[in-house]
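Fold and contact review
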Amino acid sequence: MTTPSPTRDQRGTLRLRPLERGDEEGLLAAWRRAFAPLDPAAAERSLADWRWRFEANPDGAQVLLALDGEGRVVAQFAASGAAFELDGERLRAGQALDSFVDPAWRGLGRSGAFVRTGLAFAEHFGGEGLGRSVFLWGLPAPAALRIGSARLGYGFVRSVLHLVGEPVALRLPASGACGALDVREVAAFDGSHDAFFAGEARSRGAIAVRDARRLTWRYRERPDAHYAGAEARAHGRLAGWAVLARGRFAEREATLVVDVLAEREGGALAALTAWAAERARADGLPLVALVPDTSREFLALQDMGMRVEPTPYTLVARSWRRALDVSDLRARLWITLGDTDLC
Amino acid sequence: MAPCELRPVEPEDGAAVCEAFAAAFEGRRRDAAAWRWAYLANPAGRRAWAAFAEGRVLAHFAAMPARALLRGRPASVALVVDSFARPEARGGGGESVFARTARAFFDAHGGRDDALYFGWPVEQAWRVGVRSLGYGAVRTQSALVLPPSAASATGPEVEPLAAFDEQALWLFERCAPRFSCAVVRDADWLSWRYLTHPRGPARCLGVRDDAGVLRGLAVCARATLEGRDLELLLELLVPEDEPEVARALVHAARRTCAEALVAWLPERSNWFARLQSWGARVHPTPWRMAARSFTPRVDAAWLALDDWFTLGDSDLVLWA
């Protein structure tokens, strides 16, 4: 059913259920109707991109739909799954995204379609156990943030800051002057990434697993997306890696450091940033990065000459584990652009 | 627990409030002089409610009001301070005495006297505030940190300010069009806030033009925070088209023996970017700014867009 639902007078007939095979076309049509007024570019999402994000995600996805009396999708609450590592434990979590309500069904009351869908999502997918997420995080739009904070248990984690630098102004090691480090562009991720992540995760708090399987899905299998990846190796041993993309973030066209993970010692972060800056210089664009403000990388990138700017985003989360409080995530939740749906 | 009376705090309650504060916060105290300064000497008035039982304060909720501009119009806003309950008055079934005290406060003052309440609550107060008192998150608080500098001064001459007069308001009014919400930095507020505090006057600096009119001002204070000896830039009031004035003031503030100069400036202000260009690094802090609005179309998210709340607006070092 791809035609719009005419009215919300049939609120009483709203049916809430998880996504089923065959829903995709109608869902996508409803999503485009909801997002087109806000962001025409975003509303051009293809079915292939949707399938990549929601069907091909190695960590799964969770989708809860609201349908009107005639089976048309009028609202969605969804999350893109990710396995997280936290204090040595692997747990299921994800980014809440793509939540929407058909314009004809918008309303802020408790019985509104968006709230009912969000509550049903939490009931179906929140918690411990198979198919459920221990916590969800997201970067909601202002209206969703207000509703979610008031009705759906969104907890404030932190304001999102990012880093910007003009490549020529950055204080970086010159090409070839990275000591024992060898920085090379790579087209694939291999098992060395699994071991590298296992070593780095311990010091990162709550971080989505960045093994070869996940990285390949994220950066090599996405339709119509172009990411450049590089590794820094010290005598053949992986010391860090980064992924770049050209894109738009916080109202600026830039070369984006989509993801980066580097050892504390040895200069891998500087070497990878130098590679990124070279790419940005070739693009004629500023370099942009997003790392947690509580991370060592946040200060290190400033030392290299990047400056901090705000973004329009607020990071929120909801946890279904009593021992994992949203306040704890303030300093512990490791999120880069690569964890989001922003690029 | 004996039934309690919820009522406004009166001048004669000061000792009881200070005693309860000490009971609530082990190892900390609020002395009588500081209490009088905060609650009796504020030119904008007093806002404090408490739950009393058998002559003792069980819970306390207060705010320090100030004249402000909100959406370009005069308003009163208030910094929430000293929200606490005695250990034996915490928990239990039903609504806590602290929550009841806070509700009584907001019922008495919210919207009627004050358009907006704001603050940087500690974790427990944050939880209660978000859960039960309508607090919204404005931002996680970052800090701009500059190393001290012994370099010679360049640019406009910076002079100490021993007093504030009508020129402070002129200066604020030059800066104010940029602010969606800001406490009015007039002589009354600046004098009370920085020159009459019991711990002694803060270091006030100014730059004047050839006619003697203030082009910009800054206020600094030395404090020990988390074991670090810091110089805090409490105020930086300079119109955006006078960067050389701001730079001179910041430079003067950095001429200190402290480990670093620390400022809290809204991330969307041009000064946040400018201080970085002068060598400041942005560091996280454990603080989050919260707000509760009683004004239509003004909420915490809106406040974060163009507010001017700085370290001087907080109580972080009021009592140090």
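Reading the values: the criteria
Residues numbered from 1 in each chain as written. Chains lettered and ligands numbered in written order. Predicted model: local features only at pLDDT ≥ 70, side-chain atom pairs only at ≥ 80, totals over all residues. Heavy atoms only, no water. pLDDT = per-residue confidence, 0-100. Phe/Tyr/Trp six-rings, centres within 6.5 Å; stacked < 30°, edge-to-face > 60°. Lys NZ or Arg CZ within 6 Å of the ring centre and 35° of its normal. Contact = heavy atoms within 4.5 Å. Buried area = accessible area lost by both parts, 1.4 Å probe. Salt bridge = Lys/Arg side-chain N within 4 Å of Asp/Glu carboxyl O. Polar contact = N/O pair within 3.5 Å; in protein donor to acceptor, adjacent residues only side chain to side chain. Helix = DSSP H or I, 4+ residues; strand = E, 2+ residues; numbered from the N terminus. Nonpolar A, V, L, I, M, F, W, Y, C, P; charged D, E, K, R; others polar.

**A word on the confidence of the model for chain B**
Predicted confidence across chain B gives a mean pLDDT of 93, with 98% of residues reaching 70 or more. Here the prediction assigns the complex a pTM of 0.94, and the interface score ipTM is 0.94.

**Describing the packing of aromatic side chains**
All names here are of chain B. Throughout the structure, instances matching the rule amount to 33 aromatic pairs over all chains. In this structure an aromatic cluster arises from ring pairing among Phe61, Phe98, Phe105, Phe106, Tyr117 and Phe294. The positively charged end of Arg28 is found above the aromatic ring belonging to Phe25, 4.8 Å away from the centroid. A cation sits over an aromatic face here: Arg292 above Phe106, 4.7 Å from the ring centre.

**Focus on the interface of chain A and chain B**
Of the residues lining the interface, 21 residues belong to chain A; the matching set on chain B comes to 21 residues. Here chain A packs against chain B, burying approximately 1,600 Å² in sum over the two surfaces, 52% of which is carbon and sulfur. When the buried surface of chain A facing chain B is broken down by residue, Phe156, Pro310 and Arg330 of chain A rank first, second and third, together holding 29% of it. At the junction of chain A with chain B, the criterion picks out three salt bridges. Close ionic contact of Arg127 of chain B with Asp325 of chain A constitutes a salt bridge, the shortest N to O distance being 2.9 Å. Linking chain A to chain B there are 10 residue pairs in polar contact (both at pLDDT 80 or more). Looking at the side of chain A that touches chain B, the elements that each hand over two or more residues are β6 (155–165), α8 (296–303), β13 (307–319) and α9 (326–332) of chain A. Split by residue class, the side of chain A that touches chain B holds eight nonpolar, five polar and eight charged.

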